[in-house]
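Tertiary structure, described
Spelled out, the chains give:
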Amino acid sequence: MSASKQKFDLKKNQKITRRSLLFALGYCLVLSTSLSGCSEAKNTAQQSPSSSDSVASSNTTEKQTVRIVRSKQLTGLAVLEKQGSLEKRLEPLGFKVQWSEFAAGPQQLEALNANALDIASTAESPPVFSQAAGAPLVYLATTYSSGKAISLLVPVNSPIKSVADLKGKKVAFQKASIGHYLLVKALEKAGLKLSDVQSVFLPPPDANVAFSQGKVDAWFIWEPFVTRNVQNKVGRVLVDGGELRDTGNFYSTSRQFYQAHPDVIKVFLEELEKAEIWTKEHPKEVAQLLAPVTQLDPPILEIMHSKYNYGVLPITEKTIIKQQEVADKWYSLGLIPKKVDVKAGFLTPEEYAKITPAEVLANK
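On a predicted model such as this, the values are computed, not experimentally measured, just so you know.

Within helix α4 (residues 76-83), 6 of the 8 residues are buried, leaving the element largely enclosed by the surrounding structure. Those residues of α4 lying buried are Gly 76, Leu 77, Ala 78, Val 79, Leu 80 and Glu 81. Following α4 by one or two positions, Gly 84 adopts a phi angle in the positive range, close to 75°.

Right, dumping it as structure tokens:
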């Protein structure tokens, strides 16, 4: 995938209306530029029963497939895949699990809307952009913020010493990602606007190349990209999201999959919470388990472990209010073409009670 095909400069004096139209077009086309994991997921969707198909009859042993995003970070979701407990729980329900890899959150939600993925894990912003594009997604659960696991990198020998020094500089990030959102917040804190920097929209793999080659001046990205670049003396952390982030991640699905398989979703959330608790309590074992996934040595992963807050959180009214604030922020910046009512993606308290593990509901 060529980095040049992903790069779009956000011109300083561009009109909001033009920018909104360009975003809407670019977001609708993002699937065509996503990693091979997306196309693989689509192929699987064509070759195997769709998540919307009815449960196989008693006359056949063919299993349906639930397609879940693969995490390559130091997360409970990555541990869940490695431990294999979800597969065992879903087998009696007639389901097998396929773990699909994507470049970032926006690509996941495009796949979700295209029926090429069933359960996604993203930061707060991708669902807003997805809802703005008309996708009928459903928010399933949220998480703690883990802001320290996202950082703004600059080259190790860069003269940039503060966020204010970014004025006029090229900053790379995945459009509609947590990096995008935290860049906005970091700039505002420094008295700048997003239009004061040159935005370079690149998915993480391409941004990693551009950053290492000195083609951008900064990069807002998450782990393990941060630690890899710091460890290899390619970049240094200018700021992290510890004091910037006031939101968590979201697990989401399509409205169609939720309506057809709430039992599968409930099992997924139950096993995910177990994996989160185990991950929190076993940093050494987690480091050994996920070293091949993250491509980092276990001792480094043990240090990184402290950057994360583990555990699944229930959806509450406070969660919905905060997500509406995020949506309103993107609309005020002219980066989504219409005002979004995020409530359309949330369930009722009664519906959440049926799919959310009791121990997670206790965290309200």
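This is not the end of the story, as more comes after the structure.
Turning to the sheet that holds strand β7 (residues 198-201), a few remarks are in order. One open sheet accounts for 5 strands, arranged β7-β6-β8-β5-β9; its pairing is mixed. Of all the strands in the sheet, just β7 and β9 (235-240) have a single pairing partner and so form its edges. Looking at each pair of strands side by side, their axes are set apart by 30° on average, direction ignored. The sheet contact formed by strand β5 (residues 150-155) and strand β8 (residues 218-222) spans 4 bridges and is antiparallel. Within β8, the position partnered with Ser 151 by the bridge is Ile 221. Here helix α8 (residues 178-189) sits on the sheet and contacts β5, β6 (170-173), β7 and β8; the angle it forms with β8, its principal contact strand, is near 125°. Along the sheet, helix α9 (residues 204-212) contacts β5, β6, β8 and β9; its crossing angle with β8, the most-contacted strand, is approximately 140°.

The subject of this paragraph is the pattern of salt bridges. Tallied over the full model, the rule gives 15 salt bridges. Residue Glu 271 pairs with Lys 274 through a salt bridge whose shortest N-O separation is 3.1 Å. With Glu 271 and Lys 274 both in helix α12 (residues 262-281) and 3 residues apart, this pair spans about one turn of that helix. Residue classification places Glu 271 among the buried residues on the basis of a relative accessible area of 5%. A residue is classified by how much of its surface remains accessible, and Lys 274, at 45% relative accessible area, is partly exposed. For Glu 302, the salt bridge identified is with Lys 284, shortest N-O distance 3.2 Å. Remark: Lys 284 occurs in helix α13 (residues 283-294) and Glu 302 occurs in helix α14 (residues 298-304); sequence separation between them is 18 residues. The exposure class assigned to Lys 284 is exposed, which follows from its relative accessible area of 54%.

What counts, and at which threshold
Per chain, the residues get numbers from 1 upward, laid out in the order the sequence is written. Thresholds applied to this predicted model are a pLDDT of at least 70 for local features of residues and 80 or more for the giving and counting of side-chain atom pairs; totals over whole chains, interfaces and linings are not thresholded and use all residues. The basis for the side-chain values is all heavy atoms of the structure; hydrogens and waters are excluded. Relative accessibility decides the category of a residue: with a 1.4 Å probe and only protein chains considered, values under 20% of the type maximum give buried, values over 50% give exposed, and everything between is partly exposed. Numbering of helices and strands starts at the N terminus; helices are DSSP runs of H or I of at least 4 residues and strands are runs of E of at least 2. Whether two strands pair depends on DSSP finding at least two bridges between them. Helix axes are fitted only over the stretch in contact, all axes being lines through C-alpha atoms; the angle between N-to-C directions runs from 0 to 180 degrees. Any pair of residues with heavy atoms lying within 4.5 Å of one another is described as a contacting pair. For salt bridges, the criterion is a side-chain nitrogen of Lys or Arg within 4 Å of an Asp or Glu carboxyl oxygen.

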